[in-house]
Amino acid sequence: MSRARNDTAHLLCREKTEELVLISNKNSFLCLYVSVIQIVQAYLDPLNVHELYIRHSVRLKHIGGHLRDRQPVTHVSRGLSNGKGNDSPEYDLIVIGGGSGGLACSKEAAKYGKKVAVLDYVSPSPQGSAWGLGGTCVNVGCIPKKLMHQAALLGESFKDAKHYGWNVPENISISWEALVLAIQNHVKSLNWGHRVQLHDKKVEYLNAKGSFLDPHTIKAVLKNGTEKTLRADNFVIAVGGRPRFPAEVPGAVEYGISSDDIFSLKKSPGKTLVVGASCILVV
């Protein structure tokens, strides 16, 4: 077995076998990004690879050429198309999910000359919130959270400033509407930037929800309801995760909001009870 190491991931592969495994040491954005880059590079190397698995924070033992406890979190299927007639795939790779991992994967594959498409669709939250290309980090995670956190820090600084000689009015207040507008304008600029990057890399982007019809065919339902059938040799599923409302708690779905909603609320929620300890809402 040959090994390629870096600070965040180990790439374990066995030449001329049917397995390639990537084990990430840390469940972090950087680790995910590095992992995706290595996945595509490994796929494009001249190895006889049939299946590829990503496992986070798990130790796997390679015994006699077989892997124990292998349940894929993300799965790339190696194509078997004969390249003739209707069996010929339209794409070398289709990525389902336009977040940090899916975008990095698609652009890296395109860099090696592969024909790639990205499908990204956001089902509205129970409160009706939806967003553009870029995934959780760009739209409802790291970026808007840090901007809102910075606004809160500035407010605290005003309270402390008068103790350092600053003449600060007592009735300083914040406009929630102006804050949300500024955050959403910045987020939308990043959405557009990701679309431009895909265009520049010659990656086709579809604002569509994908579902499998067979191992090499998916149905893509566009935002306007139009359906398209797409074929590819390989697929990467990088759909990420969403907050889960406790349906067993009366009123949770009807009256609750989540990190999917907080950064685009039209009015300030006021005093808020946070249920859960995710990094987005706690920080």
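Not measured: the values here are computed from a predicted model.

A short note on the overall build of the protein chain
The helix and strand tally for the protein chain stands at seven helices and 13 strands. Taking all 283 residues of the protein chain together, the buried fraction comes to 38%. Pairs at least 24 residues apart make up 60% of the contacts formed inside the protein chain by residues separated by at least 6 positions.

Comments concerning the sheet that holds strand E12 (residues 217–222)
Strand order in the open sheet formed by six strands is E10-E9-E8-E13-E12-E11, with mixed pairing between adjacent strands. The outermost strands of the open sheet, each flanked by one partner alone, are strand E10 (204–206) and strand E11 (208–214). Within this sheet the neighbouring strands show an average axis-to-axis angle of 40°, counted without direction. Examined bridge by bridge, E12 and strand E13 (residues 227–237) share five bridges and lie antiparallel to one another. Its bridge partner being in E13, Ile218 is matched across the sheet by Leu230. Along the sheet, helix H2 (residues 100–111) contacts strand E8 (91–96), strand E9 (116–119) and E13; its crossing angle with E8, the most-contacted strand, is approximately 170°.

Things to note about the pattern of salt bridges
By the definition in use, this model includes four salt bridges. Between Lys111 and Glu108 there is a salt bridge whose closest N-O contact spans 3.3 Å. With a gap of three residues between them, Lys111 and Glu108 both fall in helix H2, about one helical turn apart. Using a relative accessible area of 55% as the deciding quantity, one classes Lys111 as exposed. Among the salt bridges present, the one from Arg242 reaches Asp260, with a minimum N-O distance of 2.8 Å. Of this pair, Arg242 sits in the loop between E13 and helix H6 (252–255) while Asp260 sits in the loop between H6 and helix H7 (279–282), and the two are 18 residues apart along the sequence. Residue classification places Arg242 among the partly exposed positions, given a relative accessible area of 39%. Given a relative accessible area of 7%, Asp260 falls into the buried group.

Some points on the pairing of E8
Where burial is concerned, most of E8 is hidden: five out of the six residues are buried. Here E8 pairs with E13 via five bridges, running parallel. Within E13, the position partnered with Ile96 by the bridge is Ile237. Across four bridges, E8 lies against E9 in parallel orientation. Paired with Val95 across the two strands is Val118, which belongs to E9.

Focus: helix H4 (residues 142–161)
Helix length check: H4 (20 residues) gives 28 Å between terminal C-alpha atoms against 28 Å at 1.5 Å per residue, within 8%. Within H4, the full set of buried residues consists of Pro144, Lys145, Met148, Ala151 and Ala161.

Quick word on the packing of aromatic side chains
Inspection of every chain in the model, using the stated rule, returns one aromatic pair. Each ring, one from Phe212 and one from Phe235, has its centre 4.9 Å from the other, and the planes form 65°; the classification is edge-to-face. Within this pair, whereas Phe212 is found in strand E11, its partner Phe235 is found in strand E13, the two being separated by 23 residues in sequence. Accessibility expressed as a relative area gives 39% for Phe212, which makes it partly exposed.

A few points about H2
For H2, which comprises twelve residues, the first-to-last C-alpha distance of 17 Å matches the rise-based estimate of 16 Å (1.5 Å per residue) to within 8%. In terms of residue burial, H2 counts as a mostly covered element, since ten of its twelve residues are buried. Positive phi shows up at Gly113, right after H2, with a value of about 85°.

Notes on the pairing of E12
Where E11 and E12 come together, six bridges link them in antiparallel fashion. Paired with Ala208 across the bridge in E12 is Leu222. Where E11 folds back onto E12 in an antiparallel hairpin, the turn is made up of two residues.

Structural notes on the nonpolar core
Within soluble globular proteins, side chains that are nonpolar tend to cluster in buried spots. Judged by nonpolar contacts, the single largest core of 13 residues is most densely connected at Met148, Trp176, Leu179, Ile183 and Phe263. Of all the secondary-structure elements, those providing two or more residues to this core are helix H3 (135–140), H4 and helix H5 (176–200). When residues in this core are grouped by element, the largest group, five residues, is from H5. Among all residues touching Ile183, those that are not within four sequence positions of it are Pro144, Leu147 and Met148.

Some details on the environment of Ser129
Mapped onto the fold, Ser129 is located in the loop between E9 and H3. Given a relative accessible area of 11%, Ser129 falls into the buried group. Taking the C-alpha atoms as reference, Ser129 lies 9.7 Å from Phe263; in sequence the two are 134 residues apart. In this structure, Ser129 is in contact with Ser123, Pro124, Asp260, Asp261 and Ser264, ignoring residues within four places of it in sequence. A distance of 2.6 Å separates a polar atom in the side chain of Ser129 from a polar atom in the side chain of Asp261.

Definitions and limits used
- Residues numbered from 1 in each chain as written.
- Predicted model: local features only at pLDDT ≥ 70, side-chain atom pairs only at ≥ 80, totals over all residues.
- Heavy atoms only, no water.
- Helix = DSSP H or I, 4+ residues; strand = E, 2+ residues; numbered from the N terminus.
- Buried < 20%, exposed > 50% of the residue type's maximum accessible area, 1.4 Å probe, protein only.
- Contact = heavy atoms within 4.5 Å.
- Pairing = 2+ DSSP bridges.
- Axes fitted to C-alpha atoms, helices over the stretch in contact; angles between N-to-C directions.
- Salt bridge = Lys/Arg side-chain N within 4 Å of Asp/Glu carboxyl O.
- Expected span 1.5 Å × (residues − 1).
- Phe/Tyr/Trp six-rings, centres within 6.5 Å; stacked < 30°, edge-to-face > 60°.
- Core = buried A, V, L, I, M, F, W, Y, C linked by side-chain atoms within 4.5 Å.
- Polar contact = N/O pair within 3.5 Å; in protein donor to acceptor, adjacent residues only side chain to side chain.

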